[in-house]
Structures are given as C-alpha cells and as structure tokens.
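Coordinate inspection notes
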Amino acid sequence: MDNTLGTLKACKHLSLSSNCIEKIAGLKGLGENISILAELTSITEQLEVLSLGRNQIKKLEGLDDVASTLKELWISYNLLDKLNGIEKLTNLTVVYMSNNLIAKWTEFDKFVSSVASWSCV
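All figures in this text were calculated on a predicted structure; none of them were measured in a lab.

To continue, consider the confidence of the model for the protein chain. With 75% of its residues at a pLDDT of at least 70, the protein chain reaches an overall mean of 79. Across the protein chain, the secondary-structure element scoring lowest on mean pLDDT is strand E3 (residues 41–45), at 36, and the one scoring highest is strand E5 (residues 72–74), at 95.

Glancing now at the sheet that holds strand E4 (residues 49–51). Here four strands make up an open sheet; going across it, the order is E1-E4-E5-E6 and the pairing parallel. Every other strand in the sheet has two partners, leaving strand E1 (13–15) and strand E6 (94–96) as the edge strands with one partner each. The sheet shows a mean angle of 5° between the axes of neighbouring strands, taken without regard to direction. Relative to E4, E1 runs parallel, the two sharing three bridges. When the sheet's bridge partners are listed, His 13 is paired in E4 with Val 49.

Applying the stated criterion to the full structure yields three salt bridges. Of the charged contacts in the structure, one is a salt bridge between Lys 71 and Glu 48, with a shortest N-O distance of 3.8 Å. Within this pair, whereas Lys 71 is found in the loop between E4 and E5, its partner Glu 48 is found in the loop between E3 and E4, the two being separated by 23 residues in sequence. Owing to a relative accessible area of 39%, Lys 71 belongs among the partly exposed residues under this scheme. The partner of Lys 88 in a salt bridge is Asp 64, with the nearest N and O atoms 3.4 Å apart. One end of the pair, Lys 88, is in the loop between E5 and E6; the other, Asp 64, is in the loop between E4 and E5, and 24 residues separate them in sequence. Salt bridges sharing common partners tie together Lys 12, Glu 48 and Lys 71.

A word on the environment of Leu 89. Within the secondary structure, Leu 89 sits in the loop between E5 and E6. When its relative accessible area of 1% is taken as the criterion, Leu 89 is described as buried. Separated by 16 residues in the primary sequence, Leu 89 and Leu 73 place their C-alpha atoms 9.4 Å from one another.

About the thresholds
Residues numbered from 1 in each chain as written. Predicted model: local features only at pLDDT ≥ 70, side-chain atom pairs only at ≥ 80, totals over all residues. Heavy atoms only, no water. pLDDT = per-residue confidence, 0-100. Helix = DSSP H or I, 4+ residues; strand = E, 2+ residues; numbered from the N terminus. Pairing = 2+ DSSP bridges. Axes fitted to C-alpha atoms, helices over the stretch in contact; angles between N-to-C directions. Salt bridge = Lys/Arg side-chain N within 4 Å of Asp/Glu carboxyl O. Buried < 20%, exposed > 50% of the residue type's maximum accessible area, 1.4 Å probe, protein only.

Next comes the structure, spelled out in structure tokens:
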C-alpha cells in the first residue's frame, strides 16, 4: 500500500479490494480528526470503513493509525491465520473476515472481549 494514502484526509470509506496487497501500511493521517469550517459549522471526518477483501494479507498490522476511528473492517478472502492486533480496533461494529486461514476459535477471543456490542452472523 502506498504512503500517499494518508493524504486522503476526508476519506471515510477506503476500498482497496482485489489488489494483491500483502501488507497493510500507509494509513497514517486517515484516522486523524480534521475540522472543515463551512458557515461556522465544524465537521469531523475520518476513516470509518476499510475494505481489503480479496488480497494477500497475512497479518493485521499497520492499523494503529485508524484504530480509534475504524467502524467496519472488510478483510475476507485473505491469508490471515491469526487475529493479533484486532483487539486495538475498539470501535468496530462490523467485521467481514470469511475465507481466511484462521483455524482456532481462540483467535476470536482476542477481540470479542474488547468490544462491548457485537452481534455475530
């Protein structure tokens, strides 16, 4: 992933599916709050949805910069075998992660206990 992604300051939904991405990187700046002054109204925008399905991602790393703003993570059809780091994403309400290589249910314990309101489908 390119480091210039961080220049997309007002991006709320970033879809990078089906791009052969192997590593999550370059998200610095996408989770920052920015204020836009329009007729004395302050609007806060930040990355809320990250879609990385159908890539070749092996690890959930590089998400620290969007950990506090991310609400949805779409990461199906990758090469994940562990969910290390997902517990940092405390504002997640939606996670799509089917068709990965996760073999142990204990991997889900890493984030289920850290999120207050989960509904599993």
